[in-house]
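# Geometric and topological summary
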Amino acid sequence: MTTPLLVLSASGVALPLLLLLGLLGLIPAIDAAVAVVNRGITQDFGATLLPALALREGIPTELRTLIAVP
């Protein structure tokens with residue numbers, strides 16, 4: 001991220017514009033860093049199967065849940 005800013009600085013771009021461009025460049029840099037960390041974590045941990053419930057006669061009242069999604 002610093003190489004383009006150094007090139008712009010050498011070509012005479014003003015410091016306030018360099019700071020603005022640097023701050024705007026942080027947004028995709030943070031997104032890329034989060035994507036790399038997420039990929040690394042998901043590759044380290046494999047998927048595990050969850051135990052299944054045999055609910056052949058329907059869901060008993062003690063297992064029922066209401067989910068509200070706004």
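None of these values were measured; they are calculated from a predicted model.

## Things to note about the environment of Leu 23
- Considering the arrangement of structural elements, one finds Leu 23 in helix H2 (residues 15–44).
- In the structure, Leu 23 is positioned 17 residues away from Gly 40 in sequence and 26 Å away in space, judged by C-alpha atoms.

## What about a nonpolar patch on the surface?
- Taken together, the side chains of Leu 8, Leu 17, Leu 20, Leu 21, Leu 24 and Ile 27 define a hydrophobic patch exposed on the protein surface, amounting to about 500 Å² of accessible area.
- Take the nonpolar patch: its biggest share by element is five residues, from H2.
- Summarising the element assignment, Leu 24 is placed in helix H2.

## Re the packing of helix H1 (residues 2–10) against H2
- Viewed as axis vectors pointing N to C, H1 and H2 meet at an angle of 165°, and their least axial separation amounts to 11 Å. As far as their axial angle goes, H2 and H1 are roughly antiparallel. Judged by the sense of rotation from one axis to the other, the crossing of H1 with H2 is right-handed. Two secondary-structure elements touch here, H1 through Leu 5, Leu 8 and Ser 9 and H2 through Leu 18, Leu 21 and Gly 22.
- Split into classes, the residues belonging to the contact of H1 with H2 amount to four nonpolar, two polar and no charged.

## Comments concerning the environment of Val 13
- With respect to the helices and strands, Val 13 occurs in the loop between H1 and H2.
- Taking relative accessible area as the criterion, Val 13 reaches 24% and is therefore assigned partly exposed.
- With 16 residues separating them in the primary sequence, Val 13 and Ala 29 have C-alpha atoms 22 Å apart.
- Those residues in contact with Val 13 that lie beyond four places of it in its chain are Leu 8 and Leu 18.

So, how was this worked out
Residues numbered from 1 in each chain as written. Predicted model: local features only at pLDDT ≥ 70, side-chain atom pairs only at ≥ 80, totals over all residues. Heavy atoms only, no water. Helix = DSSP H or I, 4+ residues; strand = E, 2+ residues; numbered from the N terminus. Patch = residues over 30% accessible without salt bridge, like charges linked within 9 Å, V, L, I, M, F, W, Y side chains within 5 Å. Areas by Shrake-Rupley, 256 points an atom, 1.4 Å probe, with all protein chains shown as cover. Salt bridge = Lys/Arg side-chain N within 4 Å of Asp/Glu carboxyl O. Axes fitted to C-alpha atoms, helices over the stretch in contact; angles between N-to-C directions. Parallel < 35°, antiparallel > 145°, perpendicular 65-115°, else oblique. Left-handed = near helix turned anticlockwise from the far one by under 90°. Contact = heavy atoms within 4.5 Å. Nonpolar A, V, L, I, M, F, W, Y, C, P; charged D, E, K, R; others polar. Buried < 20%, exposed > 50% of the residue type's maximum accessible area, 1.4 Å probe, protein only.

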